[in-house]
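What follows is the residue order along each chain.
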Amino acid sequence: MSRPFRGFHHDSLLYAAQTLNRLGTEAISRDVVFTFGNQDSFTVFTIIYAPVVRTLGLTQANMLFWALALICWTAALYVLTRQLFSDRRKRLVAMTAAMLLMPRYGDGVLAYAEEFVTPRPFAEALGMLALTASLKRYHLQGALLVAAAGVLHPLTGLGIASVWIWFTVNSFKQYLALAVAGVLVLFGLASYGVAPFRWLLQVTDPDWQALLMSQTSLAFVTTWGVGGMSAQALPILSVVLVIWLGPGHHARAARAVLFVGVTLEVISAIGADLLGNRLITSLQLWRGLIWLTLVGNLLAVSVLALLPVGSLAQRLFGLALAISVIEHLADNVPRISAAAAVVAALAIFVEYRLHYNWRRWAQALLAVVATVIGLAALTLPLIKTLGSATRPPELDLLMRLVVAGLVVLALGTRVRPWLGGMAAATALAGSVIIVDNRTLWQKYIDSAEAPPADIQQLIAGRQVYWEDAIDLMWFKFREPQFFSCRQKAGGLFFRDQAFEVARRAKALGRLNVADFAPRPGGICLGKQDPAEDGPTDKAQFTETCSALPELDLIVMRTRLEGLYRESWSVPARDHIVKRDLPDYTAFYVYHCEDFRNGAG
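The model shown is predicted, which means the values in this text are computed figures rather than measured ones. (Residues numbered from 1 in each chain as written. Predicted model: local features only at pLDDT ≥ 70, side-chain atom pairs only at ≥ 80, totals over all residues. Heavy atoms only, no water.)

### So, the overall build of the protein chain
Note the cut-off: In this text, helices come from DSSP runs of H or I with a minimum length of four residues, and strands from runs of E with a minimum of two, each type numbered from the N-terminal end. Only heavy atoms enter the contact rule, under which two residues are in contact if any of them lie within 4.5 Å. Here the Shrake-Rupley method, with its probe set to 1.4 Å, supplies the accessible areas, and only the displayed protein chains count as covering residues.
A tally of regular secondary structure across the protein chain gives 24 helices and six strands. Put simply, of all contacts in the protein chain between residues at least 6 apart along the chain, 71% involve residues at least 24 apart. Accessible surface, the protein chain: about 25,900 Å² in total, of which carbon and sulfur atoms supply 64%.

Structural data, given as structure tokens:
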């Protein structure tokens, strides 16, 4: 219910393309993602994924791995919660909280238990099993699980290794000694030129650093802003309260993820943002915050029982949890729940530390602020939601909230067994209804329907920019895409790729196309004219094609009479979020040779 199938989305696009490249799709190998280096060399995921894609086809393999990832992740979560909670009902409540509460971490772009296919959910599952093994003192099994997570997704594996070592040594001095030893080993590997460890002795040059920091807010802690701070607010409050008030084994887990998460974030801020160290920039150590977020959410409901029953602090913390669930299901940045968490923290301070004479006034003020926050939360159905192929966004969010409410009802301690069973069955049925969250555009991409032969022949072997349709180019036509914001990821690892994608972005930005975000930042620096949806005259094509002499075709939604040669309507509603769109998406083909050197 909280992780519906979304088809090829987010980073799953890149991993699917890497898999096609591994399978020998020659045209894909010419894409800029693979021209200057390949992130696929850092993981074994596509080695596992590729044979399944060859056997079942890309779409069926994508569906299978989505289901397998969630099954493995949920099973590992159960194993971990079974170790942390002896009571069966508390385990189920904790698992439900981990599933429903906001899972985002870092600057809010990434989340645990993603609903699309990447190696991260599998690595997270191995990480949870490693933590469980460590809590049971099964150190050898834990080490093997950490190693498996690392080869599957090194960036996720590094974070879990840091937490696992804390659990294993159970001594700050030993932990520090191992950290120093690890750094010395890294320097040794770097001095012998072993890739990628040799990057430890390299820094990104000023131009590369400036480009990355202006384009890739995800990787640099100091550029996160409010989104980054709000994503961690509620989990941090949860683990701090557990450390303060919780039982020993919970406090130990909370202390580990808090220390490791904050330490890795600080190292990332200093090493990447300030010093520009190439290895630290590439490792993105801040990703260790995933375990702070996951454990914080896992222990969040138990925090309610630690606070005074019926107190303002308990009610406000409960409000923050409820808003977090809504924001997660609405796919919104967790700003309101973060504000509620801050107010809850103030209420806890008032409850425990403030003198009685001032307590009543402070609590009254906090109650007013909490009321405002609660009213703000009521606007959440009006904001951007996940949407659906067939349902309006508001109805989609309502259905998710109803299912979430039924799950909570089924877990209630004062609910009769027959009512709890009915609620659980209804929640299961509702989850089945909303499990497929692909848009009509994505369903067309996933379908076996072949594109027209004349369009396929037109673009074959040419350099083609297709407006905001990298999935169409990669998975329908199996051709390289000249430019997409998704191609920026490798710029953190490969300098030439970063500058090449930036060059293409700068030239194509003149066309005011849908690829370019309306805000500054990111590799898509924004349209030259934010008020325009596409080009308005021939001069824009002339400037763009002249700046990109290798570009052959521009395919876009904008229709300018007398300038385009061919057209084609994709038999699916556009994936761009707009109301009252037709059931097809018209594209128009412009030939750059018509605009260069004043011709056309």
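Now that the structure has been shown, the text picks up again.
### Description of the packing of helix α1 (residues 12–22) against helix α3 (residues 45–56)
For clarity, the cut-off: Note on definitions: angles span 0 to 180 degrees between N-to-C directions of axes, and those axes are lines fitted to C-alpha atoms, for helices only across the stretch in contact. Throughout, the term roughly parallel applies to angles under 35 degrees, roughly antiparallel to angles over 145, roughly perpendicular to angles from 65 to 115, and oblique to all others. Just so you know the grouping, Ala, Val, Leu, Ile, Met, Phe, Trp, Tyr, Cys and Pro go in nonpolar, Asp, Glu, Lys and Arg go in charged, and all remaining residues, Gly too, go in polar.
Contact geometry of α1 with α3 gives a least axis separation of 9 Å together with a crossing angle of 75°. The orientation of α1 relative to α3 falls into the category roughly perpendicular. Of α3, the residues touching α1 (which contributes Tyr15, Gln18, Thr19 and Arg22) are Phe45, Thr46, Ile47, Tyr49, Ala50 and Val53. Split into classes, the residues belonging to the contact of α1 with α3 amount to six nonpolar, three polar and one charged.

### Quick word on the packing of aromatic side chains
To be explicit about the condition: Each Phe, Tyr or Trp ring (for Trp, its six-membered ring) is paired with any other whose centre lies within 6.5 Å, and the angle between the two planes then decides the class: stacked below 30 degrees, edge-to-face above 60, tilted in between. Note on exposure labels: buried denotes an accessible area under 20% of the residue type's maximum, exposed denotes more than 50%, and partly exposed covers the range between, all computed with a 1.4 Å probe on protein chains only. Whether a charge sits over a ring depends on NZ of Lys or CZ of Arg being within 6 Å of the ring centre and within 35 degrees of the ring normal.
Taken as a whole and judged by the stated rule, the model has 30 aromatic pairs. Ring geometry for Trp166 versus Phe259: centroids 4.8 Å apart, planes at 35°, classification tilted. A residue pair is termed long-range when its members are at least 10 positions apart, and Trp166 in helix α8 (residues 154–169) and Phe259 in helix α12 (residues 248–274) qualify at 93 residues. Assessed through its relative accessible area of 14%, Trp166 is described here as buried. Judged by centre distance (5.5 Å) and plane angle (10°), the ring pair of Phe483 and Phe516 falls under stacked. Of this pair, Phe483 sits in the loop between α22 (470–476) and α23 (495–508) while Phe516 sits in the loop between α23 and α24 (538–547), placing them 33 residues apart in sequence. Among the aromatic residues, those joined into a cluster by ring pairs are Tyr15, Phe45, Tyr49, Phe65 and Phe122. Here the guanidinium or amino end of Lys476 rests over the ring plane of Tyr444, the centre of that ring lying 4.5 Å away. Its guanidinium or amino end placed over the ring of Phe482, Arg504 lies 4.2 Å from that ring's centre, counting from NZ or CZ.

### Concerning the side chain of Asp273
Heads up, the condition is: The charge count includes Lys and Arg as positive and Asp and Glu as negative, but it does not include His or the ends of the chains. Each reported salt bridge corresponds to a side-chain nitrogen of Lys or Arg within 4 Å of a carboxyl oxygen of Asp or Glu. We define a polar contact as two N or O atoms separated by no more than 3.5 Å, with the added condition that, inside protein, one atom must be a possible hydrogen donor and the other a possible acceptor, whereas residues neighbouring each other in sequence contribute only through side-chain atom pairs.
Inspection of the secondary structure assignment puts Asp273 in helix α12. Lacking a salt bridge, the buried Asp273 has Arg287 as its closest oppositely charged neighbour, with an N-O distance of 12 Å. Among the polar contacts made by the side chain of Asp273, one reaches the side chain of Thr222 at a distance of 2.5 Å. Ignoring anything within four residues of it in the chain, the contact list for Asp273 reads Gln209, Met213, Ala219, Phe220, Val221, Thr222, Thr223 and Ser268.

### What to know about unusual backbone geometry
Cis geometry is adopted by the peptide bond preceding Pro196, which originates at Ala195 and carries an omega value of -5°. Structurally, Pro196 is set in the loop between α9 (172–191) and α10 (206–215). Positioned with a positive phi, His10 is a non-glycine residue whose angle comes to about 55°. Look at Gln284: it is not a glycine, yet its phi comes out positive at around 50°. Tracing the backbone through its elements, the reader meets Gln284 in the loop between α13 (278–283) and α14 (289–306). Classification of Gln284 as buried rests on a relative accessible area of 3%.

### Here's the deal with the pattern of salt bridges
Taken as a whole and assessed by the stated rule, the structure comprises 18 salt bridges. Salt-bridge contacts for Glu114 lead to Arg120; the nearest nitrogen and oxygen are separated by 2.8 Å. Each member of the pair, Glu114 together with Arg120, is buried. Through salt bridges with shared partners, one network takes in Asp436, Arg438, Lys443 and Asp446.

### Some points on the sheet that holds strand β6 (residues 585–591)
Strands pair in a sheet through their backbones, by hydrogen bonds, and they do so in one of two ways: parallel or antiparallel. The condition that has to hold: One requirement defines pairing of two strands: DSSP has to find at least two bridges between them.
Sheet architecture is open: four strands sit in the order β3-β4-β6-β5, paired in mixed fashion. Every interior strand has two partners, whereas the edge strands, β3 (464–466) and β5 (566–570), have only one. The sheet shows a mean angle of 20° between the axes of neighbouring strands, direction not considered. Examined bridge by bridge, β3 and strand β4 (residues 553–556) share three bridges and lie parallel to one another. Each residue of the ladder has a partner; that of Val464, found in β4, is Leu553.

### Brief notes about the packing of helix α7 (residues 139–152) against α8
Where we set the bar: Two helices cross in a left-handed way if the nearer one is turned anticlockwise from the farther one by less than a right angle. They cross in a right-handed way if the turn is clockwise.
Contact geometry for α7 and α8: axes closest at 7 Å, N-to-C directions at 160°. In terms of axis orientation, α7 runs roughly antiparallel to α8. Crossing of α7 over α8 shows left-handed handedness. Of the residues in α8, those in contact with His139, Gly142, Ala143, Val146, Ala149, Gly150 and Leu152 of α7 are Pro154, Gly157, Ile160, Ala161, Trp164 and Thr168.

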